[in-house]
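Read off the chains here:
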Amino acid sequence: MKNLLIVIAVVVVLALMGGCSYNGMVKSDENVKGKWGEVQTQYQRRSDLIPNLVSTVKGEANFEKGTLTEVTNARARATSIQVDPTKLTPEAIQQYQQAQGQLSTALGRLLVASENYPTLRANEAFRGLQVQLEGTENRISVARRDFNESVQAYNSKIRTFPANITAKLFGFSEKGYFQSEAGSDKAPKVQF
């Protein structure tokens, strides 16, 4: 009888620990999904600003058409890739990040090329859009950092004992991080 009571007590303690772990994992998973939503919101904001920027730049008759086409095409590619928040695998995040990186590169070329057009730089709408894009890039950076922090907390939670047992039982798996772009560890060369 005493052994039966000990077994029942152990089972109850394990069930309580597992229940607490499960609830914590669900909260962490929802936090990761919320942070991912914020990342997508900021990227969408940037995508929404691009048509206005391109339209403003098109007003400058001599501007390079190839650069504008590249920005438009990169925006189309970036907005075509969607990642389901329930499937935030490292591969899915890398694919999303790669498309967004191509858009960032195209925008960078557009802004650098605009320096050759004094009337464009003097255009108030263009300057306002540049400021908005810069602010959006900062928001994207903050959203990505917050996302990575929430993924780190989630991944730590599901990998520590005894929560890792509950995680395996209920199918919680590791989420992927945003990684820095290839070559971003080297400072760009600025030449005048």
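Quick summary incoming for the structure in this document. Because the structure is predicted, anything quoted here is derived from the model rather than measured.

Cut-offs applied
- Each residue is numbered by its place in its chain's sequence as written, counting from 1.
- Two thresholds apply to this predicted model, a pLDDT of at least 70 for residue-level local features and 80 or more for giving and counting side-chain atom pairs, whereas whole-chain, interface and lining totals are computed over all residues.
- With hydrogens and water excluded, all non-hydrogen atoms of the structure serve as input to the side-chain values.
- Secondary structure elements follow DSSP: runs of H or I no shorter than four residues count as helices, runs of E no shorter than two count as strands, and numbering proceeds from the N terminus.
- Summary of the burial criterion: residues with accessible area below 20% of their type's maximum are buried, those above 50% are exposed, and those between are partly exposed, where the area comes from a 1.4 Å probe applied to protein chains only.
- The protein chains shown are the only cover counted for residues, whose accessible areas, like all others here, come from Shrake-Rupley with a 1.4 Å probe.
- For this analysis, a salt bridge means a side-chain nitrogen from Lys or Arg found within 4 Å of a carboxyl oxygen belonging to Asp or Glu.
- Ring pairs shown here join Phe, Tyr and Trp side chains whose ring centres sit within 6.5 Å, with only the six-membered ring taken for Trp; geometry is labelled stacked below 30 degrees between planes, edge-to-face above 60, and tilted in between.
- The term nonpolar core refers to a set of buried residues drawn from Ala, Val, Leu, Ile, Met, Phe, Trp, Tyr and Cys, joined through side-chain atoms within 4.5 Å.
- Any pair of residues with heavy atoms lying within 4.5 Å of one another is described as a contacting pair.
- A 3.5 Å cut-off defines polar contacts: any pair of N or O atoms within that distance qualifies, except that in protein one atom must be a possible hydrogen donor and the other a possible acceptor, and neighbouring residues in sequence count only when both atoms are side-chain atoms.
- Only residues whose relative accessible area exceeds 30% and that take part in no salt bridge are eligible for patches, with like-charged residues grouped when within 9 Å of each other and nonpolar side chains (Val, Leu, Ile, Met, Phe, Trp, Tyr) grouped when within 5 Å.

Time to look at the overall build of the protein. Looking only at helices and strands, the protein has 6 helices and 0 strands in total. Counting the 192 residues in the protein, one finds 34% classified as buried. In the form shown here, the protein has an accessible surface area of approximately 11900 Å², with 56% of it arising from carbon and sulfur atoms.

Tallying each qualifying case throughout the model produces 7 salt bridges. A salt bridge links Arg 46 to Glu 137; the shortest N-O distance between them is 2.9 Å. Taken as a pair, Arg 46 in helix H1 (residues 2-58) and Glu 137 in helix H5 (residues 124-159) lie far apart in primary sequence, 91 residues in all. The class of Glu 137 is partly exposed, set by a relative accessible area of 30%. A salt bridge links Glu 149 to Arg 145; its shortest N-O distance comes to 3.8 Å.

Turning our eyes to something else, we now look at the packing of aromatic side chains. Applying the stated criterion to the full structure yields 5 aromatic pairs. Seen in terms of ring centroids, Trp 36 and Phe 147 are 5.3 Å apart; in terms of plane orientation they differ by 55°. Their pairing is tilted. Of this pair, Trp 36 sits in helix H1 while Phe 147 sits in helix H5, and the two are 111 residues apart along the sequence. On the numbers, 5.5 Å between centres and 80° between planes, the contact of Tyr 43 with Tyr 96 is edge-to-face.

Among the nonpolar cores identified, the biggest contains 36 residues, and Trp 36, Leu 107, Phe 147 and Phe 178 are the most heavily contacted of them. Going through the elements one at a time, H1, helix H2 (65-80), helix H3 (90-114), H5 and helix H6 (163-170) are the ones with two or more residues in this core. Not counting chain neighbours up to four residues away, the residues in contact with Phe 147 comprise Val 32, Lys 35, Trp 36, Val 39, Leu 88, Ile 93, Gly 176 and Phe 178.

Attention shifts here to unusual backbone geometry. Residues Phe 161 and Pro 162 are joined by a peptide bond in cis, for which omega reads 0°. In this structure, Pro 162 sits in the loop between H5 and H6.

With that settled, consider the side chain of Arg 46. According to the relative accessible area criterion, Arg 46 is buried, its value standing at 0%. Polar side-chain contacts of Arg 46 include one of 2.9 Å to the side chain of Glu 137. Not counting residues up to four positions away in its chain, the partners in contact with Arg 46 are Gln 100, Leu 103, Ser 104, Leu 107, Leu 133, Thr 136, Glu 137 and Ile 140.

As a further point, take a nonpolar patch on the surface. The grouping of Tyr 22, Phe 161, Ile 165, Leu 169 and Phe 170 at the surface amounts to a nonpolar patch, some 580 Å² of accessible area in total. Ranked by residues supplied to the nonpolar patch, first place goes to H6 with 3 residues. Its place among the elements puts Tyr 22 in helix H1.

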